[in-house]
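If you want the building blocks of each chain, they are given just below.
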Amino acid sequence: MSPERPVVFVVEDDPSMRPALESLIRSVGLRVQAFGSAREFLEQPRTGAPSCLVLDVRLPGLSGLDLQRQLTAAGVPIPIIFITGHGDIPMTVQAMKAGALEFLTKPFRDQELLDAVRQAIEKDRAAREQRDELATLRRRHTSLTSREREVMALVVSGLLNKQIAAELGTSEITVKVHRRRVMQKMQAGSLADLVKMAVALGPETPDEPPGPAVGSREPAP
Amino acid sequence: MPPRPETFSDGDGETCRAGGVLDPRLRASHRTPDASSDEVAGLNPQTQVRRPAATRTSALLARYGLATLLFAAGLGLTHLLQPIVTYPFLYPLLFAVMASAWFGGTGPGLFAVFLSLLAVSYWFIPPPDSFAMKLEDVPYFAAFAASGLLASWLSSDRRRIERKLKERSEEVERKNEALRTEFAERQRAEDERRTAQEELAHAARVTTMGELVASISHEVSQPLAAVVTNASASLRWLEAAPPNLREAREAVERIVRDGDRASEVLTRIRALLRKTPSRQERLSVNELIRDAGALTRVEMLRHGVSFRTELDADLPPVAGDPVQLQQVLLNLIVNGIEATDGSDGGPRELVVQSERRDPDGILVAVRDRGVGISPEAAGRLFDAFYTTKPGGLGMGLSVSRSIVEAHGGRLWAAPNAGGGSVFRFTLPVETPP
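Everything numeric here is computed off the predicted structure, so don't read it as measured data.

Peer 1: I'd like to hear about the sheet that holds strand β4 (residues 306-311) of chain B, residue by residue, with values.
Peer 2: Residues and elements named next belong to chain B. Reading across from one edge, β4-β6-β7-β9-β8 is the order of the five strands in this open sheet, with mixed pairing throughout. Here the strands that pair on one side only, and so sit at the sheet edges, are β4 and β8 (411-415). Within this sheet the neighbouring strands show an average axis-to-axis angle of 15°, counted without direction. Here β4 pairs with strand β6 (residues 349-357) via six bridges, running parallel. Its bridge partner being in β6, Phe-307 is matched across the sheet by Leu-350. Together, β4, β6, β7 (361-368), β8 and β9 (421-428) form the strand contacts of helix α11 (residues 322-341), whose direction differs from that of β7 by roughly 25°. On top of the sheet, helix α13 (residues 396-406) reaches β8 and β9; it is set at about 125° to β8, its chief contact.

Following this line, the structure appears as structure tokens:
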């Protein structure tokens, strides 16, 4: 069983509904882990596989909405499909606002739930890939020397090599060398790639905030 | 020794007494033979109706006439028998005296004695046809006079005692009848009271159930939703290639179980809503508590109250009405939930405990951490129509208490250690017959 195989978590306190949901989700070849309470779910270790959470709104102790809030606060980005016996509008609104993917009222059609589950897993897979990519970029970015990082910031802000050399007080040749090494280490095929990576990494350049500093220079030529 | 004439009052007597002991209402339905001759007497115990003078006189005449007639018959018989049994055979006359006293009373009795004495001294004591008698016959005559008086007195006295006895036994019978009527009336009143109480309990039950509608619908819809989901899953397992019969079968088995569960809930609710005459069953208190907890589960979730039970696992059964006792528990639990709603902070927890309370009972406690009971509410908590809830009927606790008391137990409230209140009730353990 590879860790990449998607897993669906079910948190449902009703002893009739829990095995039914388990069986239904398993019948389409998905892995299921079911819990009777929010606490049980929180106590189990995180998985690396794409996953989603099928969550009953009303649970004894910690409610479904509470669990959603806690997961958000803890930075656990798992797509949530809410199910409820009697959904009222304020509750639905609250759940959706907090980022729930779907809100199903029991009894729902099996296809509705399975579609939502599939969609949620796709979403999670995509999000995970994105997170993995970002992590890779971060790793590459941290492998740069501080000079290379400076050069990269200036390059992606659109300065020419000559301008960068002037800015850093070195020769244009040196800038060219740094620039080539940056492209190699970041595994960027083109300047456009590098710019995209810089955007993905966000404005967390350690030395100085390059944006405004460079921006002010922009209209000079 | 003449008997007192007033003791002779009888059906044809001068006064018509109506017993003052009895309730006039009861007597109206049961008139004594004496009273039946006069409606007014029967209706008003104070009235003693005096018969008109003419009637009295004719009655008196009739009695003396009777005495005369009896005397005449006795005399005739003695004359007839004279050839066969000779003087001093005077029994027919003595018999006439006795009969006169018996039927006519003391006066006619004495009258017959007087007539007999005259007749005997005139006709039978020699010389015949003269009042004169020989000295040797005087003791005999005196003996006859004495026996005549004695016969008259004994007869009338015996008659008087018998009449009294009859009157007494009639009175006893009358009183018995009155008691029977009263008993029947009490019985009817008791039946009415019980019916009213059952109606009230039913009304209170329906009110409680009304408060639990969300919970109850959830309890039914949950297994139904599970049925739908299981059925879908089962179809998918069957449609798979190859079909997974084991999984499909398991899903169908769950459908059966869930269907049973839904119908059980409905049966339970129907029982609670139905107006049933109370019945006695062997009941497990713990099961009642668990059932009540199941019916109120969603209500507690809705109010964010957690439910905990601390049940003594080996409690003996109690005898009682399952619907009514369930009602008591539901009521206390719903009250607890509502009390918790009004409190701010503190653990939102409702605990139901059961334990053996020696010597012969079971104690159930429902603890909440709610607002508690205010001093002014404490005294009136169990009064009918006393309520602290807006829109409350004020029937719940008073009905609950009467239910518990009807089961031979007690229901009372106290502050809970650490906030809120605790309602406790006891039930006697079923004693083997």
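Peer 1: Before we move on, could you go through the nonpolar core and cite the residues and values that matter?
Peer 2: Residues and elements named next belong to chain B. Counting residues in each nonpolar core, the largest one holds 46 residues, and the members touching the most others are Leu-332, Ile-333, Val-364 and Phe-425. A total of nine residues in this core trace back to one element, the largest contributor, which is α11. Counting the residues that make up this core, at least three belong to each of domain 2 (212-275) and domain 3 (281-433). Residues in contact with Val-364, not counting those within four places in the same chain, are Val-285, Ile-289, Leu-329, Val-352, Gln-353, Phe-423, Arg-424 and Phe-425.

Peer 1: Residue-level account of the pattern of salt bridges, with values.
Peer 2: Inspection of every chain in the model, using the stated rule, returns 29 salt bridges over all chains. For the salt bridge of Glu-247 of chain B with Arg-26 of chain A, the shortest nitrogen-to-oxygen distance reads 2.8 Å. Of this pair, Glu-247 of chain B sits in helix α9 (residues 245-273) while Arg-26 of chain A sits in helix α1 (residues 17-26), each in a different chain. A relative accessible area of 7% means that Glu-247 of chain B is categorised as buried. The partly exposed category is assigned to Arg-26 of chain A, whose relative accessible area is 30%. Put simply, Glu-219 of chain B and Arg-261 of chain B hold a salt bridge, and the shortest N to O gap is 3.8 Å. Here Glu-219 of chain B, found in helix α8 (residues 213-239), pairs with Arg-261 of chain B, found in helix α9; they are 42 residues apart in sequence, far enough to count as distant. Salt bridges linked by common partners bring Asp-13 and Asp-14 of chain A together with Glu-219, Arg-261 and Arg-297 of chain B together as one network.

Parameters at a glance
- Residues numbered from 1 in each chain as written.
- Chains lettered and ligands numbered in written order.
- Predicted model: local features only at pLDDT ≥ 70, side-chain atom pairs only at ≥ 80, totals over all residues.
- Heavy atoms only, no water.
- Pairing = 2+ DSSP bridges.
- Helix = DSSP H or I, 4+ residues; strand = E, 2+ residues; numbered from the N terminus.
- Axes fitted to C-alpha atoms, helices over the stretch in contact; angles between N-to-C directions.
- Contact = heavy atoms within 4.5 Å.
- Core = buried A, V, L, I, M, F, W, Y, C linked by side-chain atoms within 4.5 Å.
- Buried < 20%, exposed > 50% of the residue type's maximum accessible area, 1.4 Å probe, protein only.
- Domains from an automatic or database assignment.
- Salt bridge = Lys/Arg side-chain N within 4 Å of Asp/Glu carboxyl O.

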